[in-house]
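# Breakdown of the fold
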Amino acid sequence: MREKFVLLAVLMAFLRVELKAQVSIVKIRLETPEKNGRMVSVPNSQGVQRIVVVQEGKTAVVLRTVDSTGYLVTYQFQQMKKASLVFISYFKSETTLTMQNVFLTPNDTLVCLERKGRLVFEGKGATVEVNRFLQKYLLLEQDSLQRRPLMRNVSEEIYRNLMRDIADRQWAEYQGFQSSIDETQNAFIQAAIESQYYHRAAFYNVTKDWTDDMFDDLQRIRQVESSPKKYQEGLTPRLKLYIVPHEDAWMSPNYRRALLSFLGEKYVVDELLHKEPSKMMDFYNDTDKALTNLPTTREEILNLALTEKGFWTSESEKGSFIERFERDFPQSKHLPNIKMRYWKNLRMVRGAQIPHLPVFDQDSTSMTLQRLLGKKTLLLLWNTWEDSCQAALAAFGTLGQKITHRNVQLATLCSKNRFESWKGALRSYPLSKVSEHHFYADYLLGDVLEAIFTTKRPLLVLLDTEGRYLDAGSPFDGQKISRWLKE
């Protein structure tokens, strides 16, 4: 028995150590807090925030601890297994929102002083030094050389070499003070430096013929930098980006932007020109080749490309790209959102294929509308709260009893209802034929169905044996339904 207690004590101690090792902390002290201000929090997906306030009764707080210097905001990041770039956001007053990125390592505490919107990192240690280095060279934001070049009237090659020298000196400085063998940290820093070099050189290529007045016009600069022409084919020579051979390089936001620009340079075209969707499969091939040994980075850059408007005329062109993405990354966390965005931009015209929309049957079994392939289908879209939908369901049941065609089946699809409400409604209007199917779509898919088929409910949709859209109309239009069945 004693041995069991000893073993249990050792196990509990081990778990406490493990739990402690997974928690990283960022503490922020405000130099000049507003006397009547209050601290509130923006939810943070990467950590659990604990808010500390001076003023009693101003806001609900999780933790209340105040030192003599003013407010203290504390962020706890749970289960941090490796060094990461973390995002923190908070209101320093009732109206001033501050957002920052900091580099954090497991089981570490980073203490900062917030001064005029920037963080001053206090104390000593490797993490402090890295954050000071990132801030010194503005590696987590757009620096001044991406607003106005360091020099003018020189060749692209000369300017590019100058930017390369600056980047090499930054990397040498980092290696000089940082003895870490942490591959994640080193990859992140290298990626941040490389992307800064790339953006500086690319900005010079685009703006080398600008006048001083054009540089003074900050609004015009923002427009040019967001323009698809920025990286259009024809820049000579094509700017090269060093691809850091480590998955954690993706941690750098600027590196993500640079990598997409580099790989997609010749596929981004003017908004006024016709965009050929087939070219994006060439982009997919180039990405596969360039990132063969970096599957996670490849997945992320392809997902990023799907959201880049400069690549596409419309969302509806992305079908073959998304199908290949799903084959290559079937477990990708991005797939649900990718599909939802794509489906919402589809419009049903005669001959259009019904997408593989995920639905449930009455046993909560997940399936897709491809279950309907093989027969001509009358699909009723309905909900439980509209009287006309209830009447349509009853009429649909009567129709099912009259249909004798073996190659015709009936199906209903209910959306924007609770699952139990849907099942209860079906019990009130039983449809019992073997060739009848009843599906339920969750609330998110309900938005997709409204985008594809309009918001009109009830709505009767006619599909052919291959699941292609033929027509739609009222479930009460007997003449139209009879004509459909005879075709």
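Treat the numbers as computed from the prediction; the structure is a model and nothing was measured. (Residues numbered from 1 in each chain as written. Predicted model: local features only at pLDDT ≥ 70, side-chain atom pairs only at ≥ 80, totals over all residues. Heavy atoms only, no water.)

### Quick look at the overall build of the protein chain
The following threshold applies: Helical segments are the DSSP runs of H or I of at least four residues, strand segments are the runs of E of at least two, and each set is numbered from the N terminus. Buried means the residue's accessible area, taken with a 1.4 Å probe over protein chains only, is under 20% of the maximum for its type, while exposed means over 50%, and partly exposed covers the values in between. Working rule for contacts: check all heavy atoms of both residues, and any pair within 4.5 Å makes them a contact.
The number of helices and strands found in the protein chain is 15 helices and 14 strands. Counting across all 487 residues of the protein chain, residues that qualify as buried make up 46%. Once local pairs closer than 6 in sequence are excluded, the contacts in the protein chain between residues at least 24 apart make up 65%.

### Quick word on helix H4 (residues 183–207)
The line we're drawing: Here a helix's expected span is defined as the number of its residues, less one, multiplied by 1.5 Å.
For H4, built from 25 residues, the straight-helix expectation of 36 Å at 1.5 Å per residue is met to within 8% by its first-to-last C-alpha distance of 36 Å. Counting buried positions over the 25 residues of H4 gives 21, a clear majority of the element.

### Some thoughts on the pattern of salt bridges
It is possible for side chains bearing opposite charge to pair when their charged atoms get close. Definition in use: Any carboxyl oxygen of Asp or Glu within 4 Å of a side-chain nitrogen of Lys or Arg constitutes a salt bridge here.
This model, assessed by the stated rule, comprises 19 salt bridges. Glu194 is the salt-bridge partner of Arg164, the closest N and O atoms lying 2.8 Å from each other. Taken together, the residues span a long stretch of sequence, with Arg164 in helix H3 (residues 156–177) and Glu194 in helix H4 at a distance of 30 residues. Judged by its relative accessible area of 8%, Glu194 is buried. Between Arg324 and Asp328 there is a salt bridge, with the nearest N and O atoms lying 4.0 Å from each other. Residue Arg324 and its partner Asp328 are located together in helix H10 (residues 319–328), separated by four residues, close to a single helical turn. Taking relative accessible area as the criterion, Arg324 reaches 16% and is therefore assigned buried. If you follow the salt bridges from partner to partner, you end up with Asp288, Arg298, Arg324 and Asp328 in one network.

### Side note on the environment of Asp165
Looking at the secondary structure, you find Asp165 in helix H3. Residue classification places Asp165 among the partly exposed residues on the basis of a relative accessible area of 41%. Through-space distance from the C-alpha of Asp165 to that of Tyr197 is 9.3 Å; in sequence the pair is 32 residues apart.

### Comments concerning the pairing of strand E6 (residues 109–115)
Here is the rule: Following DSSP output, two strands are said to pair if at least two bridges run between them.
Of the strand pairs in this sheet, strand E1 (residues 24–30) and E6 are connected by six bridges, and their pairing is parallel. Looking at the pairing, Ile25 lines up with Thr109 of E6. As defined by bridge partners, E6 adjoins strand E7 (residues 118–121) across four bridges and the pair is classed as antiparallel. Counted as the bridge partner of Cys112 is Phe121 from E7. As consecutive antiparallel partners, E6 and E7 are separated by two residues, and within that stretch Lys116 has a phi angle of approximately 55°, a positive value.

### A few points about the packing of aromatic side chains
Note the threshold: Planes of paired rings set the category: under 30 degrees apart is stacked, over 60 is edge-to-face and the rest tilted, where pairs are Phe, Tyr or Trp rings (Trp by its six-membered ring) whose centres lie within 6.5 Å. Geometrically, a charge over a ring is one whose NZ (Lys) or CZ (Arg) sits within 6 Å of the ring centre while staying within 35 degrees of the ring normal.
Within this structure, the stated rule accounts for 15 aromatic pairs. Ring centres of Tyr75 and Phe77 lie 6.5 Å apart, and the angle between their planes is 15°; on these two criteria the pair is classed as stacked. A relative accessible area of 1% places Tyr75 in the buried class. The buried category is assigned to Phe77, whose relative accessible area is 1%. Measuring from centroid to centroid gives 5.0 Å for Phe103 and Phe188, while their planes differ by 5°, and the two rings are stacked. Here Phe188 lies in helix H4 and Phe103 lies in strand E5 (residues 97–104), a separation of 85 residues in the sequence. When sorted by exposure, Phe103 lands in the same class as Phe188, which is buried. Among the aromatic side chains, those forming a connected cluster through ring pairs are Phe133, Tyr137, Trp171, Tyr174 and Phe177. The ring of Tyr197 is capped by Arg164, whose NZ or CZ atom sits 4.5 Å from the centre of that ring.

### Side note on unusual backbone geometry
Residue Pro458 is bonded to the preceding Arg457 through a cis peptide linkage, with omega at 0°. Tracing the sequence through the fold places Pro458 in the loop between helix H14 (443–453) and strand E13 (459–463). Look at Asn107: it is not a glycine, yet its phi comes out positive at around 55°. Asn107 gets classed as partly exposed once you look at its relative accessible area, which sits at 45%. The phi angle at Asn153 is positive, at roughly 60°, despite the residue not being glycine. Note that Asn153 resides in the loop between helix H2 (126–136) and H3. Classification of Asn153 by relative accessible area gives exposed; the value is 73%.

### Comments concerning the nonpolar core
As a reminder of what qualifies: Each nonpolar core is a collection of buried residues, namely Ala, Val, Leu, Ile, Met, Phe, Trp, Tyr and Cys, held together in the definition by side-chain atoms within 4.5 Å.
Counting residues in each nonpolar core, the largest one holds 84 residues, and the members touching the most others are Leu259, Phe283, Phe321, Leu413, Phe453 and Val461. No other element matches the eleven residues that H4 contributes to this core. Not counting the four nearest positions on each side in its chain, Phe453 is found in contact with Met348, Ile354, Leu381, Leu459, Val461 and Tyr469. The next biggest cluster of nonpolar side chains, apart from the first, holds 23 residues, and it includes Trp382, Ile403, Phe419 and Leu460.

### Focus: the confidence of the model for the protein chain
Formally: What pLDDT conveys is the predictor's confidence in a given residue, as a value from 0 to 100.
Averaged over every residue, the pLDDT of the protein chain is 80; the share at 70 or more is 77%. pLDDT under 50 marks residues 13–21. Its contacts with residues more than four places away, or in other chains, come to four contacts. Ignoring residues within four places in sequence, the model shows residues 223–237, a span with pLDDT below 50, making 29 contacts including any to other chains.

### Quick notes on the packing of H4 against helix H7 (residues 253–263)
The following threshold applies: Note on geometry: axes are C-alpha line fits, over the in-contact stretch for helices, and angles between N-to-C directions span 0 to 180 degrees. Note on terminology: angles under 35 degrees are roughly parallel, angles over 145 are roughly antiparallel, angles of 65 to 115 are roughly perpendicular, and the others are oblique. By definition, any crossing whose near helix is turned counterclockwise from its far helix by less than a right angle is left-handed, and any crossing with a clockwise turn is right-handed. Under the scheme applied, nonpolar residues are Ala, Val, Leu, Ile, Met, Phe, Trp, Tyr, Cys and Pro; charged residues are Asp, Glu, Lys and Arg; polar residues are all the others, including Gly.
Relative to each other, H4 and H7 sit at 50°, their axes nearing to 8 Å. One element, H4, and the other, H7, form an angle in the oblique class. The element H4 and its partner H7 pack so that their crossing is left-handed. Between H4 and H7, the contacting residues are Ala191, Ser195, Tyr198 and His199 on the first element and Asn254, Tyr255, Arg257, Ala258, Ser261 and Phe262 on the second. Grouping the constituent residues of the contact of H4 with H7 by class yields five nonpolar, four polar and one charged.

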